[in-house]
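Each chain, letter by letter, is given below.
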Amino acid sequence: MATATLNIDLDALISNWRALDAETACETAAVVKANGYGLGADRVARTLMKIGVRKFFVAVAEEGAALRQAVGPDPEINIFGGHMAGDTDMISDMGLTPMLNSVDQIVRHVEALPAHPFGVQLDTGMNRLGLEPAEWAAVRNLVIERNPTLIMSHLACADEPEHPMNPRQLATFHEMTDGLNVPRSLAATGGILLGSDYHFDLTRPGVGLYGGMPFVEAAPVAGLSIPVIQIRDVAEGETVGYSNTWIADRPSRVATISAGYADGIIRAMGPEISVFAGEARCKVIGRISMDLIAVDVTDLDEAPSHVELLGQHQSVDTVAEAAGTIGYEILTSLGHRYARRYRGG
Ligand SMILES: *Cc1c(COP(=O)(O)O)cnc(C)c1O
């Protein structure tokens, strides 16, 4: 097969969810936005349902509608983007729970779907989504009367445990929500690891489920296996790839593998990353092309048929650092050209 394979280890997903759940005494949901961080929201959600997960979060209503088809009528599907203009029918028909972000959204929701469940998102300092303290103070009694399912907010700096923003947002969240008798949620993956003060009634991990930082102990979930298309010998002094950026300093064997930046192997990673043939590390050489990458296999005894770019030997976060980005972006950039193979679950 000429396409690369994205291997998704559902047992690792399960063990990551269980490990994050074990950090808290409260309920643990799962965030499956952006197609389950690129790994397939339908399979991820169905797997997590089997171990008891009943609450999911996605970014927008369209994602929620697709997820509803995959998980059936029972699980709660929450929409971070809230109730946007034009989404009313989808929210109603698909049984989605919008996290209302603004006074406008609250009015829209209550007028269009007065009996339909909703949550509320508060801004405790990130200034991205949610009602600010003054807005909340103005509407909160009216909102609470209508029994929201959840009041949530999001931490801006939870991946830095010592950051003073964390306790500041925590204090603001308390000021805005203490005594309201509605379930509360503040923590995503990073917030879970900040300790029990941050847990409230429900946590919302995403990236940690998929094996990414800041959950350092996470088991890797995504593996990427790429077939070798061709192997050639290159004489000392010859060049490989666009712009002649790599020059052989010895007689070399070069394998051309079938993936590139169109598959999410970001071009800027270039010389910083390797691939693995079994246990053997092979350097990426020259420029990463759209569909092809050259790797140095000179030191291998045998020509490999496949190499591994993500997996036990090289994590999503290692690759992310090479590209000057974060694991989240690597996962969600993984392309559509891969064959996806699920294991376990
Ligand atoms: C993406 C997101 C999450 C999950 O965050 P992770 O860092 O991936 O665990 C939780 N809550 C909100 C509001 C989000 O946007």
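Keep in mind that this is a model prediction, so the values were computed, not measured.

Before going further, it helps to spend a moment on helix H7 (residues 133-145). Between the first and last C-alpha of H7 there are 18 Å, a value that for 13 residues agrees with the 18 Å anticipated at 1.5 Å per step. Where H7 bends most, at Val139, the angle is about 55 degrees. Three or more residues of H7 are buried, namely Trp136, Val139, Val143 and Ile144. Tucked into the core, H7 has its buried residues touching helix H6 (103-112), strand S7 (119-121), strand S8 (151-152) and helix H8 (165-177).

Take the pairing of strand S16 (residues 280-285) next. Taken together, the four bridges between strand S15 (residues 274-277) and S16 define a ladder with antiparallel strand orientation. Paired with Ser274 across the bridge in S16 is Lys283. Between S15 and the antiparallel strand that follows it, S16, lie two residues; Gly278 among them carries a positive phi value of about 60 degrees. Bridging between S16 and strand S17 (residues 293-296) involves two bridges; their strand directions are antiparallel. Following the sheet pairing, Val284 is matched in S17 by Val295.

For the rest of this paragraph, the subject is the side chain of Thr5. Position of Thr5 among the secondary structure elements: in strand S1 (residues 5-9). Under the relative-accessibility criterion, Thr5 is labelled buried at 5%.

Two elements, strand S3 (residues 30-31) and strand S4 (residues 55-58), share two bridges in a ladder whose sense is parallel. Looking at the pairing, Ala30 lines up with Phe56 of S4. Taken together, the four bridges between S4 and strand S5 (residues 76-79) define a ladder with parallel strand orientation. Within the sheet, the bridge partner assigned to Val58 lies in S5 and is Ile79.

Another aspect to go through is the packing of helix H3 (residues 41-50) against helix H4 (residues 61-71). In contact at an axis separation of 9 Å, H3 and H4 are set at 50 degrees when each is read in the N-to-C sense. Put simply, H3 runs oblique to H4. Both H3 and H4 take part in a crossing whose hand is right-handed. Here Ala41, Asp42, Ala45, Arg46 and Met49 of H3 come into contact with H4, specifically with Leu67, Ala70 and Val71. Grouping the amino acids of the contact of H3 with H4 by side-chain chemistry returns six nonpolar, no polar and two charged.

Remark: the centre distance and the inter-plane angle together describe each pair of aromatic rings, the angle taken between the planes. Counted by the stated rule, this structure contains four aromatic pairs. Ring centres of Tyr37 and Tyr210 lie 4.6 Å apart, and the angle between their planes is 25 degrees; this geometry places the pair in the stacked category. Linking Tyr37 in helix H2 (residues 33-37) with Tyr210 in the loop between strand S10 (202-203) and strand S11 (222-234), this pair joins segments that are 173 residues apart in sequence. Note on accessibility: Tyr37 and Tyr210 belong to one class, buried. Measuring from ring centre to ring centre gives 6.2 Å for Tyr37 and Tyr328, while their planes differ by 35 degrees; the resulting arrangement is tilted. Linking Tyr37 in helix H2 with Tyr328 in helix H11 (residues 327-333), this pair joins segments that are 291 residues apart in sequence. Put simply, the rings of Tyr37, Tyr210 and Tyr328 touch in pairs and so form one group of aromatic residues. A cation over a ring is seen here: Arg43 above Tyr342, with NZ or CZ 4.4 Å from the ring centre.

We now examine the site of the ligand. In the vicinity of the ligand there are 14 residues, among which Lys33, Tyr37, Thr189, Val207 and Tyr328 approach most closely. One nitrogen or oxygen atom from the side chain of His154 is found 3.3 Å from a nitrogen atom belonging to the ligand. In this structure, an oxygen atom belonging to the ligand sits 2.6 Å away from a side-chain N or O atom of Tyr328. For the ligand, the accessible surface in isolation is 390 Å², of which the surrounding protein chains cover 92%. Taking a 2 Å distance to the grid points as the criterion, the majority of the atoms of the ligand fall inside the largest pocket. When grouped by side-chain class, the residues that make up the shell around the ligand number eight nonpolar, three polar and three charged.

Looking now at empty space enclosed by the protein. Under the counting rule described, the total for this entry stands at one cavity of 30 Å³ or more. Its boundaries defined by the atoms lining it, the largest cavity holds a volume of some 60 Å³. Gln121, Leu122, Asp123, Thr124, Met126, Arg128, Leu129, Ser153 and His154 together form the lining of the largest cavity. Of the residues belonging to the lining of the largest cavity, the class tally is three nonpolar, four polar and two charged.

The rules behind each value
- As a convention, each chain's residues are numbered from 1 in the sequence order in which they are written.
- Since the coordinates come from a predicted model, pLDDT governs what is reported: local features require at least 70, and pairs of side-chain atoms require 80 or more to be given and counted, while whole-chain, interface and lining totals use all residues.
- Only heavy atoms go into the side-chain values, all of them from the structure, while hydrogens and water stay out.
- Under the scheme used here, helices are H or I runs from DSSP no shorter than 4 residues and strands are E runs no shorter than 2 residues, and both carry numbers assigned from the N terminus.
- What a helix is expected to span follows from its residue count: subtract one and scale by 1.5 Å.
- We define the bend at any residue as the angle between the axes fitted to the seven residues before and including it, ending there, and the seven starting there.
- For every residue, the accessible area obtained with a 1.4 Å probe (protein chains only) is divided by the maximum for its type, and the residue is called buried under 20%, exposed over 50%, and partly exposed between those limits.
- Here a residue-residue contact requires only that any non-hydrogen atoms of the pair lie within 4.5 Å.
- Two strands form a pair only when DSSP identifies at least two bridges running between them.
- To get an axis, a line is fitted to the C-alpha atoms, and for a helix only the part in contact is used. The angle between two axes follows their N-to-C directions and goes from 0 to 180 degrees.
- Working rule for angles: under 35 degrees goes down as roughly parallel, over 145 as roughly antiparallel, 65 to 115 as roughly perpendicular, anything else as oblique.
- Left-handed describes a crossing whose near helix is turned anticlockwise from the far helix by less than a right angle; the clockwise case is right-handed.
- Each residue is assigned to one class: nonpolar for Ala, Val, Leu, Ile, Met, Phe, Trp, Tyr, Cys and Pro, charged for Asp, Glu, Lys and Arg, and polar for all the others, Gly among them.
- Here the aromatic set is Phe, Tyr and Trp, taking the six-membered ring for Trp, and pairing holds for ring centres within 6.5 Å; pairs whose planes are under 30 degrees apart are stacked, those over 60 apart are edge-to-face, and all others are tilted.
- Think of it as a cone above the ring: NZ of Lys or CZ of Arg counts as a charge over the ring if it is within 6 Å of the ring centre and within 35 degrees of the ring normal.
- Whether a residue is near a molecule or strand depends on its heavy atoms: if one lies within 4 Å, it is near.
- Residues adjacent in sequence count toward polar contacts only when both atoms are side-chain atoms; beyond that, a polar contact is any pair of N or O atoms within 3.5 Å, and within protein one must be able to donate a hydrogen and the other to accept it.
- In this description, accessible areas are obtained by the Shrake-Rupley approach with a 1.4 Å probe, and a residue is regarded as covered only by the protein chains that are shown.
- Using only the protein atoms, space was sampled on a 1 Å grid; points where a 1.4 Å probe fits but cannot get out form cavities, open sets with protein on both sides within 12 Å along at least five of seven lines form pockets, and lining residues are those with an atom within 4 Å of a point.
- Throughout, a molecule is located in a cavity or pocket provided that more than half of its atoms lie within 2 Å of its grid points.
- Grid points are joined across faces, edges and corners, and a volume is the space filled by probe spheres set on the points.

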